[in-house]
2 protein chains.
Amino acid sequence: MYYAVKGNADFVEFLKNSRVLFLLVIGNTKTAEVPGITAAGENKDLIAYTPPADAELLYHGKCLSISGVPATPDGKPTPALISYAALNLTKIPLLVVDAGLMIKPKIPYVSLNAPVGENIAERRAMNVEDVENLISNSKLLAKQLSKICDVLMIGESIPAGTTTAAAVLKAMGFEPAVSSSMPENPIELKRKIVEVAVRRVKNTEPLEILSAVGDPVLAAVTGLACGFDKFVVLAGGTQMVAASKLIEALGKRDFAIATTKYVAKDGNADLNIASCSVVASDPKLGLSKYDGLKAYEHGFVKEGVGAGGLTLLCYVRGFEILPEVERCYEKIILKR
Amino acid sequence: MYYAVKGNADFVEFLKNSRVLFLLVIGNTKTAEVPGITAAGENKDLIAYTPPADAELLYHGKCLSISGVPATPDGKPTPALISYAALNLTKIPLLVVDAGLMIKPKIPYVSLNAPVGENIAERRAMNVEDVENLISNSKLLAKQLSKICDVLMIGESIPAGTTTAAAVLKAMGFEPAVSSSMPENPIELKRKIVEVAVRRVKNTEPLEILSAVGDPVLAAVTGLACGFDKFVVLAGGTQMVAASKLIEALGKRDFAIATTKYVAKDGNADLNIASCSVVASDPKLGLSKYDGLKAYEHGFVKEGVGAGGLTLLCYVRGFEILPEVERCYEKIILKR
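Overview of the structure.

Reading the values: rules and limits
- Residues numbered from 1 in each chain as written.
- Chains lettered and ligands numbered in written order.
- Predicted model: local features only at pLDDT ≥ 70, side-chain atom pairs only at ≥ 80, totals over all residues.
- Heavy atoms only, no water.
- Helix = DSSP H or I, 4+ residues; strand = E, 2+ residues; numbered from the N terminus.
- Buried < 20%, exposed > 50% of the residue type's maximum accessible area, 1.4 Å probe, protein only.
- Contact = heavy atoms within 4.5 Å.
- Lys, Arg positive; Asp, Glu negative; His and termini not counted.
- Charge placed at Lys NZ, Arg CZ, Asp CG, Glu CD.
- Least-squares fit on C-alpha atoms with pLDDT ≥ 70 in both.
- Phe/Tyr/Trp six-rings, centres within 6.5 Å; stacked < 30°, edge-to-face > 60°.
- Disulfide = S-S within 2.5 Å.
- Pairing = 2+ DSSP bridges.
- Right-handed = clockwise from strand over helix to strand, strands pointing away.
- Axes fitted to C-alpha atoms, helices over the stretch in contact; angles between N-to-C directions.
- Parallel < 35°, antiparallel > 145°, perpendicular 65-115°, else oblique.
- Left-handed = near helix turned anticlockwise from the far one by under 90°.
- Nonpolar A, V, L, I, M, F, W, Y, C, P; charged D, E, K, R; others polar.
- Polar contact = N/O pair within 3.5 Å; in protein donor to acceptor, adjacent residues only side chain to side chain.
- Salt bridge = Lys/Arg side-chain N within 4 Å of Asp/Glu carboxyl O.
- Expected span 1.5 Å × (residues − 1).
- Core = buried A, V, L, I, M, F, W, Y, C linked by side-chain atoms within 4.5 Å.

### Considerations on the overall build of chain A
Thinking step 1. For chain A, the count of helices and strands is 13 helices and 8 strands.
Thinking step 2. Within chain A, buried positions represent 66% of all 336 residues.
Thinking step 3. Counting only contacts in chain A whose residues sit at least 6 apart along the sequence, the fraction spanning at least 24 positions is 78%.
Thinking step 4. Between the mean site of the 37 positive side-chain charges and the mean site of the 36 negative ones, chain A shows a separation of 3 Å.

### Section: the relation of the copies chain A and chain B
Thinking step 1. The two copies are related by a screw operation: chain A maps onto chain B through 180° of rotation and 0.0 Å of translation along the axis, at an RMSD of 0.0 Å. Both copies of the chain, as the preceding transformation shows, are related through a two-fold rotation axis. Ranked by how close their C-alpha atoms come to the rotation axis, the residues of chain A are headed by Val110(A), at 2.0 Å.
Thinking step 2. Both copies contact each other with a shared surface, as 100% of the interface residues of chain A are interface residues in chain B too.

### What about the environment of Gly27(B)?
Residues and elements named next belong to chain B.
Thinking step 1. Mapped onto the fold, Gly27 is located in the loop between strand S2 (20-26) and helix H2 (44-60).
Thinking step 2. Taking the relative accessible area as the measure of exposure, Gly27 reaches 0% and is therefore buried.
Thinking step 3. Expressed as a C-alpha distance, the spacing of Gly27 and Pro52, which sit 25 residues apart in the sequence, is 8.4 Å.
Thinking step 4. Aside from chain neighbours lying at most four places away, what touches Gly27 is Pro51, Ala99, Gly100, Leu101, Ser157, Ile158, Pro159 and Val217.

### Details of the packing of aromatic side chains
Thinking step 1. With the rule as written, the count across this model stands at 6 aromatic pairs over all chains.
Thinking step 2. Ring geometry for Tyr290(A) versus Tyr329(A): centroids 4.9 Å apart, planes at 25°, classification stacked. Here the residue Tyr290(A) occupies a position in the loop between strand S8 (278-281) and helix H11 (291-294), and Tyr329(A) occupies one in helix H13 (residues 322-333), the gap between them amounting to 39 residues. With respect to burial, Tyr290(A) and Tyr329(A) carry one shared label: buried.
Thinking step 3. The interplanar angle of 25° and the centroid separation of 5.5 Å between the aromatic rings of Phe11(B) and Phe231(B) together place this pair among those described as stacked. Here Phe11(B) is found in helix H1 (residues 11-14), whereas its partner Phe231(B) is found in strand S6 (residues 231-235), with 220 residues between them in sequence. By the burial criterion, Phe11(B) is buried, and Phe231(B) matches it.

### Some points on the state of the cysteines
What we call a disulfide is simply a covalent bond connecting the sulfur atoms of a pair of cysteines.
Thinking step 1. All chains considered together, the criterion is met by 0 disulfides over all chains.
Thinking step 2. Free of any disulfide, Cys63(A) has its nearest cysteine sulfur in Cys328(A), 13 Å distant.

### Side note on the pairing of strand S6 (residues 231-235) of chain A
Residue and element names in this part refer to chain A.
Thinking step 1. The buried count for S6 comes to 5 of 5 residues, which makes it a mostly enclosed element.
Thinking step 2. Both faces of S6 are covered, namely the face carrying Phe231, Val233 and Ala235 and the face carrying Val232 and Leu234.
Thinking step 3. Relative to S6, strand S5 (residues 151-157) runs parallel, the two being bridged by 4 bridges. Looking across to S6, one finds that Val151 is bridged to Phe231.
Thinking step 4. In this sheet, strand S7 (residues 255-260) lies alongside S6 in parallel orientation, the contact comprising 4 bridges. In the strand pairing of S7, Leu234 is matched with Ile257.
Thinking step 5. As a crossover connection, the stretch from S6 through helix H9 (residues 238-249) into S7 is right-handed.

### As for the packing of helix H3 (residues 80-90) of chain A against helix H12 (residues 307-316) of chain A
Residue and element names in this part refer to chain A.
Thinking step 1. Remark: H3 packs on H12, axes separated minimally by 9 Å, with the N-to-C direction vectors making an angle of 30°. By the angle between their axes, H3 is roughly parallel relative to H12. Classified by chirality, the crossing of H12 by H3 is left-handed. Of the residues in H12, those touching H3 at Ile82, Ser83, Ala86, Leu87, Leu89 and Thr90 are Ala307, Leu310, Thr311, Leu313 and Cys314.
Thinking step 2. Within the contact of H3 with H12, the residues separate by chemical class into 8 nonpolar, 3 polar and no charged.

### Points about the side chain of Thr78(A)
All names here are of chain A.
Thinking step 1. Along the chain, Thr78 falls in the loop between helix H2 (44-60) and H3.
Thinking step 2. A distance of 2.7 Å separates the side chain of Thr78 from the side chain of Asp54, its partner in a polar contact.
Thinking step 3. For Thr78, the contacting residues outside a window of four places in its chain are Asp54, Leu57, Val69, Pro70, Ala71, Tyr296 and Val305.

### As for the pattern of salt bridges
Residues and elements named next belong to chain A.
Thinking step 1. A full pass over the atoms with the stated rule returns 40 salt bridges over all chains.
Thinking step 2. For the salt bridge of Glu118 with Lys30, the shortest nitrogen-to-oxygen distance reads 3.6 Å. Of this pair, Glu118 sits in the loop between strand S4 (109-111) and helix H4 (128-146) while Lys30 is found in the loop between strand S2 (20-26) and H2, placing the two residues 88 residues apart along the sequence.
Thinking step 3. Since its relative accessible area comes to 24%, Glu118 is described here as partly exposed.
Thinking step 4. Accessibility expressed as a relative area gives 31% for Lys30, which makes it partly exposed.
Thinking step 5. A single salt-bridge network, built from bridges that share partners, covers Lys30, Glu118, Glu122 and Arg123.

### Focus: helix H13 (residues 322-333) of chain B
Residue and element names in this part refer to chain B.
Thinking step 1. The end-to-end C-alpha distance of H13 is 15 Å, a good match for the 16 Å that 12 residues give at a rise of 1.5 Å each.
Thinking step 2. For H13, the elements touching its buried residues are H2, helix H3 (80-90) and helix H11 (291-294).
Thinking step 3. Phi turns positive one or two residues past the end of H13, at Lys335, with a value near 50°.

### Looking at the nonpolar core
Thinking step 1. If you look at the biggest cluster of nonpolar residues, it comprises 253 residues, and the most contacted ones within it are Leu234(A) and Leu234(B).
Thinking step 2. Leaving out residues up to four positions away in the same chain, Leu234(B) has contacts with Ile154(B), Val221(B), Met240(B), Ala243(B), Ser244(B), Ile247(B), Phe255(B), Ala256(B), Ile257(B) and Ala258(B).

Note that all results are geometric; they support no functional claim without further evidence.
Printed below as a string of structure tokens:
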């Protein structure tokens, strides 16, 4: 069901009876427009529409800004499907945060006045001032949320987010291997982008690194985690590893990462670099009767939209998630 | 301290120990641009900047989008000062909702994809479709908030909101007297606007009335209250009376109005029309050593930004609000 990949799984017990709020942080970086870098979209439009469509799926059980759901070019569906199933089961509250979207979702969302991230292959990601404001707004929001819940679980959706995350890790002195939502991980391409990008980093301050090679979602996640007074679960893979380093650098201590087994099994996932405990949960999609779900077991998509953390929450609270994911797959993808 | 103006004050007991979330709903209607209609601003700019500045004050203890604070032309300060003091004392969580702003605040805020309201003296306020989406988004948000708090207290800030509220009440068959933030209430001007506006109303459905003569804040408040599963406190004066009629028409039952004594004392406040209990609280500003605060006792400003409801919450929880309002006045207005 779940196991510790790094550190221990002690924090999991705390998820059982506490008030957990799920925050989905969505945004864009133009880095996704580099051809071949991401599976989020076949074209520029899908890069812009994937994050809002993921968020709409969680609220409405369907996407409003696109027909169908975000998927790989050959039809593997978005991990938002897993997250949607988990929210159905656990009934925990959900809020969506706009951290630099190209297209706004057709649901209520919290704005942090975040810019869209620039293509880090070509230029610095964001103005330092914008990053400062973004982190300040994220902290302000998290401070209010501290008053209404005990645990903040943060998921993300940002195409090419693993590339900016790798650049952040590299800029912090690590040699990231880099995960990807594609089984044929375009590692060489990413490595080249990261190498060029980190040359623009002037010092090792978190703000400078985010401004030079980060993305607005990573900045927002960092600020939200640091502003929240209590325990934070970073629900995601490589991107949350990068976030963990930034959060640690800013002085926050009580947080952990929850991801999927599919990321943990990926030798390129860098989970060992994380500055906190890492737990992996297994949504058991390999046992599904549907190929689109089975594909996750074979390294497609793997994680995103907080799927790993929300799967963990299901297990901790006594729910089997696979039957609900299949039910949602039937309703949303097969339209039965 | 507080008393029932209509119905009873039974609900007040419930505020003592329950989890209360304060939602400030802010927006604009171009109706405010009719010369002489509102005290919110001396000019068009101040109409646009007053709602975001009020929201910034609650988050930061100062305004970021304007220098100083929103005030009447002769310097009576915004009721956000009272609300800020009350939030300091009670420490309840605060979220700000953008329901059709001309200018976005420099704080985190929830967007409902609301349009700015048109000038009802000249044309219909909003497209029916926009109102439908706005109410739908408001309900979606409130549904999530139902999971994290027991009571939703809703305040507002929208220049000329009392005029659109009067038009809504008139369209619903009432003869509103109309309150105002000015002691010399421009009643004749308002009556004329209302009369012209209501001719555009095609039927008595809440959606049609909001579209024809309402404003986006009123639509959002209505949707939020209807989407919240538990008890709602509408914190405000005339505008919340109009909201109460719309909310009742849409089938919600468990809500009340909390306003200030200054509105209750105003013969033009229409509180008797409300479709729920109405409680008035007394911030005792008449006892202040500062003229800017004493002015409230003489009919200036009176209410807004949830001041009445938040004052009530202070009393219920054992806080005297006046000393804290004075302290905030010194810090924010006198900059001591």
